[in-house]
Amino acid sequence: VQLQAFWGGLVQAGGFLKLSCAASGPTFRDWDMGWFRQAPGKEREFVAAMRYSGGTTIYGNSVKGRFTISRDNARNTVYLQMNSLKPDDTAVYYCVATQRVALSRLALPSSYNYWGQGTLVTVSS
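Residues numbered from 1 in each chain as written. Predicted model: local features only at pLDDT ≥ 70, side-chain atom pairs only at ≥ 80, totals over all residues. Heavy atoms only, no water.

Asker: Could you clarify how one ought to interpret the overall build of the protein chain in this entry?
Answerer: The helix and strand inventory of the protein chain stands at zero helices and 11 strands. The order of helices and strands in the protein chain, counted from the N terminus, is β-β-β-β-β-β-β-β-β-β-β. For the protein chain, the spread of C-alpha atoms along the three principal axes comes to 40 × 25 × 25 Å. Per-residue burial over the protein chain gives 42% buried out of 125 residues. A sequence separation of at least 24 residues applies to 58% of the contacts in the protein chain between residues at least 6 apart. If you sum the accessible surface of the protein chain, you get close to 6,400 Å²; carbon and sulfur atoms cover 49% of it. Between the averaged position of the 13 positive side-chain charges in the protein chain and that of its 7 negative side-chain charges there is a distance of 4 Å. (Helix = DSSP H or I, 4+ residues; strand = E, 2+ residues; numbered from the N terminus. Buried < 20%, exposed > 50% of the residue type's maximum accessible area, 1.4 Å probe, protein only. Contact = heavy atoms within 4.5 Å. Areas by Shrake-Rupley, 256 points an atom, 1.4 Å probe, with all protein chains shown as cover. Lys, Arg positive; Asp, Glu negative; His and termini not counted. Charge placed at Lys NZ, Arg CZ, Asp CG, Glu CD.)

So this is what it looks like as structure tokens:
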């Protein structure tokens, strides 16, 4: 399984970006997908996750109401729409995948077997 994230970049505060993550490998529709981020000098932080069925999504407290995770199983792609961006959102964003895990474990980095290479998002003030 390989994951590749795209469309990070530089944006002004208050702006928006939409990250994409293309997944290769069989049975994408059986995977729980998510996003984590890590800012310089900070610990890795959970951002969002979506169950394999697409029916359940969860978000980190710092992005609730601003970010939206979605998936397109026909394209083997997961997205992260990021609105109302803040300088504190500056980080490397990682796409992650795992085969079905308990809902209570979706926000834990240890639940994910596969990590993409990351894409840098920089929000200027």
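Asker: How should I be thinking about the side chain of R66 in this particular structure?
Answerer: You can see R66 is positioned in the loop between β6 (57-59) and β7 (67-72). Beyond its immediate sequence surroundings of up to four residues, R66 is in contact with Q81, M82, N83, S84, L85, K86 and D89.

Asker: Explain the state of the cysteines here, please?
Answerer: Each disulfide is one covalent bond, formed between the sulfur atoms of two cysteines. Inspection of the entire model under this criterion finds one disulfide. The side chain of C21 participates in a disulfide bridge whose partner is C95; the two sulfur atoms lie 2.1 Å from each other. One quick way to see it: the torsion about the S-S bond of C21 and C95 is about -85 degrees, and its sign makes the bridge left-handed. With C21 in strand β3 (residues 17-24) and C95 in strand β9 (residues 91-99), this pair connects stretches of sequence that are 74 residues apart. One exposure class covers both C21 and C95, and it is buried. (Disulfide = S-S within 2.5 Å.)

Asker: Sorry if this is basic, but what is going on with the environment of Y59 here?
Answerer: For Y59, the location among the structural elements is in strand β6. Spatially, the C-alpha atom of Y59 lies 11 Å from that of L80, the residues being 21 residues apart in sequence. Reaching out from Y59, the side chain makes a polar contact with the backbone nitrogen of I69 at a distance of 2.9 Å. (Polar contact = N/O pair within 3.5 Å; in protein donor to acceptor, adjacent residues only side chain to side chain.)

Asker: Would you mind going over the pattern of salt bridges with me for this structure?
Answerer: It is possible for side chains bearing opposite charge to pair when their charged atoms get close. Scanning the model with the defined rule gives six salt bridges in all. When the shortest N-O distance is used, the salt bridge between R37 and E45 registers 2.8 Å. The class for R37 is buried, based on a relative accessible area of 4%. Given the relative accessible area of 29%, E45 is considered partly exposed. Between D72 and R75 there is a salt bridge; the shortest N-O distance is 3.3 Å. A network of salt bridges, in which partner residues are shared, links R37, E45, R66 and D89. (Salt bridge = Lys/Arg side-chain N within 4 Å of Asp/Glu carboxyl O.)

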